Amino acid sequence: MNETVAIIGGGPAGLFCALQAAGEGRNIIVFEKKPAPGRKLLIAGSGQCNITHAGGVADFLSHYGGHGAFLRPALMNFTNRDLVAFFADRGLRMETKPGGKVFPETRRSADVLAALLAECAARGVEVRSSDPVLAVERKDGDFIVRTAKAAFRAGVLVIATGGASYPATGSTGDGYAFARPLNQPTTEVAPALTPVYVADYPFADLAGISFQNLAVTVYRDGKRAARGTGDLLFTHTGLSGPGILDLSRSILPGDVLRVTFLPETNVEAVRDRLAGAVAAGGARQVKTVLCDLGLPERFVRRLLDLAGVPAGETCARLPKKARNMLAASLAEFPFRVSRLGGFNEAMATRGGVALDGVDRKTMASKTVDNLYCIGEVLDIDGDTGGYNLQAAFSTAALAARHIAALHAPR
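Residues numbered from 1 in each chain as written. Predicted model: local features only at pLDDT ≥ 70, side-chain atom pairs only at ≥ 80, totals over all residues. Heavy atoms only, no water.

## Concerning unusual backbone geometry
For glutamate 24, which is not glycine, the phi dihedral falls at a positive 55°. Among the secondary structure elements, glutamate 24 is positioned in the loop between helix H1 (12-21) and strand S2 (27-31). (Helix = DSSP H or I, 4+ residues; strand = E, 2+ residues; numbered from the N terminus.)

Next comes the structure, spelled out in structure tokens:
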């Protein structure tokens, strides 16, 4: 049996699978088209590498859209605690921040990559950088991996090329092109975890203002299509922040996003709260009363302007029509989506290798013997907060476990 394991892609999934599968006579080769592996890992978390999230496996499952059940075996086989322990054993300790995000104590993605590469080297993994794979084919039960420099025969092939987001890092959707000729089904891909551009956007000069824990409801053709809660950020051209990025998988151009600008309240509660605050305000300025609700002053000034309310207007003199306009703005301000950010801005990819063609207990293809698909090349896009990197490591570990069990020397 050919004991060479060819892994296409030198990102976190590919490197981790390589080092986990190494040993017992297996020849592990990682093909990386960039001059050095881990380019996308280096920019993860703005270079600080939010590597995973706190909590148990059950807490993770709801953070992958409708695909949490597929990931359950991988996450149970290699948990977030296992991931933290792996790096701690190699001198890189992790810390959990308020909210549950987990980072290396050094806050350096480069340290995570260095630990992976050091372990690959220690276990005899060959990493071939600047050697892009051009084509893959099956021949006599093996895989023929063709690069610009040579052709390699492998008994096992792992596609770990990532998705199509941040193409400058090397994630350009190559994995789908390798999977299809092998008759491994794929789904249509689109950007995920991406900002939203807004038509007739009224807050361009307020870019940088952020809000915590707001409810955002997506309407399509007048009907509610999705809803999410999270932090929101004004940009120069629209909306971003974790709450918007996580919800972006459910947003289409033309949708209307209605934002409730007071946290942890519903529409009616916002209207009642504003009415009560104004009624009790008397001679106080409306601006002051709104700021007392926890709203940023610059945002309040803009809301008053949009409602036609003079900046120094008092609560006692506020017309009912203007009060109702302010209540509507705070309760469900409408933003019409012109488009979503493209792959250059997206943190992840929606779509990819179809999950119904992959065994979730092994990450092996259901149709092609000895083919494995791991990481973001799969049709999985997790929320922000470390969920996508954890999925990359967990699927890699599960595939490596199966490879090592099936391809141990006799």
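That shown, we press on.
## Observations regarding the sheet that holds strand S7 (residues 133-139)
Sheet strands pair by backbone hydrogen bonding; their relative direction is either parallel or antiparallel. Sheet architecture is open: three strands sit in the order S7-S8-S9, paired in antiparallel fashion. At either end of the open sheet lies a strand with only one pairing partner, and these are S7 and strand S9 (151-154). Taking the axes of each pair of neighbouring strands and ignoring which way they run, one obtains an average angle of 20° across the sheet. Across four bridges, the pairing between strand S8 (residues 142-147) and S9 is antiparallel. Paired with isoleucine 144 across the two strands is arginine 153, which belongs to S9. (Pairing = 2+ DSSP bridges. Axes fitted to C-alpha atoms, helices over the stretch in contact; angles between N-to-C directions.)

## Let's talk about the packing of aromatic side chains
Summed over all chains, the structure comprises 24 aromatic pairs. Each ring, one from phenylalanine 87 and one from phenylalanine 393, has its centre 6.1 Å from the other, and the planes form 80°; the classification is edge-to-face. In this pair, phenylalanine 87 is assigned in helix H5 (residues 80-88) and phenylalanine 393 in helix H13 (residues 387-406), connecting sequence segments 306 residues apart. Neither phenylalanine 87 nor phenylalanine 393 differs from the other in exposure class; each is buried. Members of the aromatic cluster, each reached through a chain of ring pairs, are Tyr201, Phe203, Phe211, Phe234, Phe261, Phe299, Phe333 and Phe335. Its end group placed over the ring of phenylalanine 143, arginine 138 keeps NZ or CZ at 4.4 Å from the ring centre. Residue placement shows arginine 339 over the ring face of tyrosine 197; its charged tip is 3.7 Å from the ring centre. (Phe/Tyr/Trp six-rings, centres within 6.5 Å; stacked < 30°, edge-to-face > 60°. Buried < 20%, exposed > 50% of the residue type's maximum accessible area, 1.4 Å probe, protein only. Lys NZ or Arg CZ within 6 Å of the ring centre and 35° of its normal.)

## Things to note about the environment of glycine 352
Considering the arrangement of structural elements, one finds glycine 352 in the loop between strand S18 (348-350) and strand S19 (371-373). Separated by 278 residues in sequence, glycine 352 and alanine 74 have C-alpha atoms that sit 18 Å apart. Sequence-distant contacts of glycine 352, that is, excluding residues within four places in its chain, are made with Tyr176, Thr186, Thr187, Glu188, Val189, Val377, Leu378 and Asp379. (Contact = heavy atoms within 4.5 Å.)

## Remarks on the pairing of S7
Successive side chains on a regular strand alternate, one facing one side of the sheet and the next facing the other. Both S7 and S8 contribute to a ladder of six bridges, which runs antiparallel. Directly across from lysine 139, in S8, lies its bridge partner aspartate 142. Hairpin connection of S7 to S8: two residues between the antiparallel strands, including aspartate 140 at a positive phi of 55°.

## Side note on the sheet that holds strand S3 (residues 52-53)
Taken together, the three strands give an open sheet; going across it, the order is S3-S5-S4, and neighbouring strands pair in antiparallel fashion. Across the chains shown, the open sheet's two edge strands, defined by having one partner strand only, are S3 and strand S4 (94-96). Across three bridges, S4 lies against strand S5 (residues 101-104) in antiparallel orientation. Each residue of the ladder has a partner; that of glutamate 95, found in S5, is phenylalanine 103.

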